[in-house]
Amino acid sequence: MSRYSNPALAFECDIPQGWTSLPAPWARKLKLSASASSEKVAVLLHDNHDSPFLSLYPVDYNANESIPMMQCTVRPTAIVEEMGGMEALLDRVSTEMEQAYPDYQLLQRDDTCLVAGVVGAYMKAAMSVLNDAHTQYACVSEIYLLETERHCFILGLSGPADEGKRPVADFHDIIRSIRIV
């Protein structure tokens, strides 16, 4: 197992065996190659210029399912205050997803969670995504918002809705391995 480290962000995590990182420009290109399931998704995909500082995916994935992926972005902590706190930021993420995905379903929400000793918020949602050939895939996304003194980390984990096909154990291992110092 290899380890990812970003000293500028004071962020580290393990990369599971069989997973690889995706350079930020490739991650954006992959995101933009997906077909939008609604006009709102098209706008969100096009307008979101946040490049992930880390994108991971398993090299051996089923091309007939949504691609399992973890993407990490970071924003200044001031965004949390501007939005009205972590709960309000999570509300906004949930509302945008609900507007974007016609079959969006909130599965779980925790307004307070703890990852790597950092207080944050968590949500898990189900929706359908489309590939570039307009094939529809059932997907589950988990989002962690972690607020430190300087940064708000946004960790997104997504993959097939079928838990037997989604790398749940790998996702949990990644989250457990995170260190923010």
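Scoring rules and cut-offs
- Residues numbered from 1 in each chain as written.
- Predicted model: local features only at pLDDT ≥ 70, side-chain atom pairs only at ≥ 80, totals over all residues.
- Heavy atoms only, no water.
- Disulfide = S-S within 2.5 Å.
- Buried < 20%, exposed > 50% of the residue type's maximum accessible area, 1.4 Å probe, protein only.
- Pairing = 2+ DSSP bridges.
- Helix = DSSP H or I, 4+ residues; strand = E, 2+ residues; numbered from the N terminus.
- Axes fitted to C-alpha atoms, helices over the stretch in contact; angles between N-to-C directions.
- Phe/Tyr/Trp six-rings, centres within 6.5 Å; stacked < 30°, edge-to-face > 60°.
- Polar contact = N/O pair within 3.5 Å; in protein donor to acceptor, adjacent residues only side chain to side chain.
- Contact = heavy atoms within 4.5 Å.
- Salt bridge = Lys/Arg side-chain N within 4 Å of Asp/Glu carboxyl O.

A. Layout of the state of the cysteines. Counting across every chain of the model gives zero disulfides. Lacking any disulfide linkage, Cys 13 is separated from the closest cysteine sulfur, that of Cys 72, by 6.0 Å. Accessibility expressed as a relative area gives 0% for Cys 13, which makes it buried.

B. Summary view of the sheet that holds strand β6 (residues 105–115). Pairing in this open sheet of seven strands is antiparallel, and the strands run β3-β4-β5-β9-β8-β7-β6 from one edge to the other. The open sheet has two edge strands with one neighbour each: β3 (19–21) and β6. Averaged over all adjacent pairs, the angle separating strand axes in this sheet is 20°, with direction ignored. With eight bridges joining them, strand β5 (residues 69–76) and strand β9 (residues 151–160) adopt antiparallel strand pairing.

C. Seen up close, the packing of aromatic side chains. Counted by the stated rule, this structure contains eight aromatic pairs. With 5.1 Å between their ring centres and 80° between their planes, Phe 11 and Phe 53 make a pair best called edge-to-face. Taken together, the residues Phe 11 in strand β2 (residues 11–15) and Phe 53 in the loop between α2 (39–47) and β4 (54–58) connect sequence positions 42 residues apart. Considered together, Phe 11 and Phe 53 belong to a single accessibility category, that of buried residues. Members of the aromatic cluster, joined through ring pairs, are Tyr 4, Phe 11, Phe 53 and Phe 153.

D. Representation of the environment of Ser 128. Considering the arrangement of structural elements, one finds Ser 128 in strand β7 (residues 118–130). Distance from Ser 128 to Ala 138, taken between C-alpha atoms, is 4.5 Å for residues ten residues apart in sequence. One polar contact links Ser 128 to Asp 103, side chain to side chain, over a distance of 2.4 Å. Within polar-contact distance, the side chain of Ser 128 engages the side chain of Gln 136 at 2.9 Å.

E. Molecular detail of the environment of Tyr 137. By the secondary structure assignment, Tyr 137 is in strand β8 (residues 136–147). It is 7.3 Å that separates the C-alpha atoms of Tyr 137 and Pro 160, two residues lying 23 residues apart in sequence. Non-local contacts of Tyr 137, meaning those with residues more than four positions away in its chain, are made with Ala 63, Asn 64, Glu 65, Ser 66, Met 127, Ser 128, Val 129 and Asn 131.

F. Summary view of the pattern of salt bridges. Scanning all chains against the criterion turns up eight salt bridges. For Arg 109, the salt bridge is made with Asp 91, and the minimal N-O distance between the two is 2.6 Å. With Arg 109 in strand β6 and Asp 91 in helix α4 (residues 86–100), this residue pair connects regions lying 18 residues apart in the sequence. The class for Asp 91 is partly exposed, based on a relative accessible area of 38%.

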